[in-house]
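Next come the chains, spelled out residue by residue.
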Amino acid sequence: MPDIYPGKDSYMRMDNESTWAGARDASSAETVNASATNGQIKISANGAGSQFDVYRIFMAFDTSAIGVAPSSANLVIRGYSAGTADLIVVKVASGATGDPTTNFDASDFSKIDGFVSGSSMSGNATDYSSEITTWSTSGQNTITLNAAALADIASLSDFKLCLVSYDYDYLNTAISNGSTVRSGMGLVSSSTASYRPYLSYTEAGPSGIDKVNDISKSSILSIDSISRSSIAALDDVT
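Everything numeric here is computed off the predicted structure, so don't read it as measured data. (Residues numbered from 1 in each chain as written. Predicted model: local features only at pLDDT ≥ 70, side-chain atom pairs only at ≥ 80, totals over all residues. Heavy atoms only, no water.)

K.L.:
For this particular structure, what's the right way to read the pairing of strand 10 (residues 180-186)?
P.N.:
Walk down a regular strand and you will see the side chains alternate between the two sheet faces. In terms of residue burial, strand 10 counts as a mostly covered element, since five of its seven residues are buried. By the bridge criterion, seven bridges tie strand 4 (residues 38-45) to strand 10 in an arrangement that is antiparallel. Bridging across to strand 10, Ser44 finds its partner in Thr180. Two strands pair when backbone bridges link them, and strand 6 (residues 72-83) and strand 10 are joined in this way by three bridges, in the antiparallel orientation. Along strand 10, the bridge assignment pairs Tyr80 with Gly184. (Buried < 20%, exposed > 50% of the residue type's maximum accessible area, 1.4 Å probe, protein only. Helix = DSSP H or I, 4+ residues; strand = E, 2+ residues; numbered from the N terminus. Pairing = 2+ DSSP bridges.)

Written out as structure tokens, the structure is:
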């Protein structure tokens, strides 16, 4: 099962915004850290509801060597600190500045594929995972990537994703005053290799026999007087 580490990742933050929309729907991040050793998905509001925080994490992987959709893939992330924010992985829009060799910048904060300001990402964004409802703060978190992600791993040279809070950022639901949720994670700049996130995938196996003795399958009518339609396998290969 091959592993790929992000070429680049970025920890993006909107802090102390006066409204939920001002934090969540901002076109550019207030703070971007492309060399952080760890980061967190965080959503919070102060007791007066006058300061809102929204944090997102972007990652880019070089998948140019993968030409066939993997049979499965996981995003593996070492957790730390609090684990109270449910997460989801979504696709980054093609127009984002960041890629495996170029840092994401502040303007990428809203460049989530299908993102619509003021609307839920549900039904708009391209999901790469289901909701992640448990988070280890002392070990690896294995996130199963879906069929849309598998297809993009094969079709895109730069596979870019974003982690966001599910209950608040993804669903566009303002958090209650005086509340905070957060889930921390190691990033690719960590000096400890086991704390760096990575993409782990299983290569797709052969789909069957295409040729027999250099004769294409479509040209073979029978083998040893047995019609092709009656042959289920040849030497245990389907």
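Let us keep going from here.
K.L.:
Sorry, what's going on with the side chain of Lys91 here?
P.N.:
By the element assignment, Lys91 lies in strand 7 (residues 87-91). Residue Lys91 is classed as buried on the basis of its relative accessible area of 18%. Ignoring sequence-local partners within four residues, the contact set of Lys91 consists of Ile112, Asp113, Thr126, Tyr128, Asp152, Leu156 and Lys160. (Contact = heavy atoms within 4.5 Å.)

K.L.:
Which parts of the structure should I look at to understand the packing of aromatic side chains?
P.N.:
To describe a pair of aromatic rings, one takes the distance between the centres and the angle between the planes. For the structure on display, the rule yields seven aromatic pairs. With a centroid separation of 6.4 Å and an interplanar angle of 45 degrees, the aromatic rings of Phe61 and Phe159 are classed as tilted. Taken together, the positions of Phe61 in strand 5 (residues 52-62) and Phe159 in strand 9 (residues 158-165) put the pair 98 residues apart, joining distant regions of the chain. Given the relative accessible area of 0%, Phe159 is considered buried. One aromatic cluster is present, formed by Phe61, Tyr128 and Phe159 through successive ring pairs. Here the guanidinium or amino end of Arg56 rests over the ring plane of Phe109, the centre of that ring lying 4.1 Å away. (Phe/Tyr/Trp six-rings, centres within 6.5 Å; stacked < 30°, edge-to-face > 60°. Lys NZ or Arg CZ within 6 Å of the ring centre and 35° of its normal.)

K.L.:
Looking at this model, I keep getting lost on helix 2 (residues 147-155). Mind explaining?
P.N.:
Owing to its 3.6 residues per turn, the α-helix brings residues three or four apart onto one side. Residues Ala149, Leu150, Asp152, Ile153 and Ala154 constitute the buried set of helix 2. Of the surrounding elements, those touching the buried residues of helix 2 are strand 6, strand 7, strand 9 and strand 11 (198-202). The N-cap of helix 2, judged by a side-chain oxygen 3.2 Å from the amide nitrogen of Ala148 a few residues on, is Asn146. (Polar contact = N/O pair within 3.5 Å; in protein donor to acceptor, adjacent residues only side chain to side chain.)

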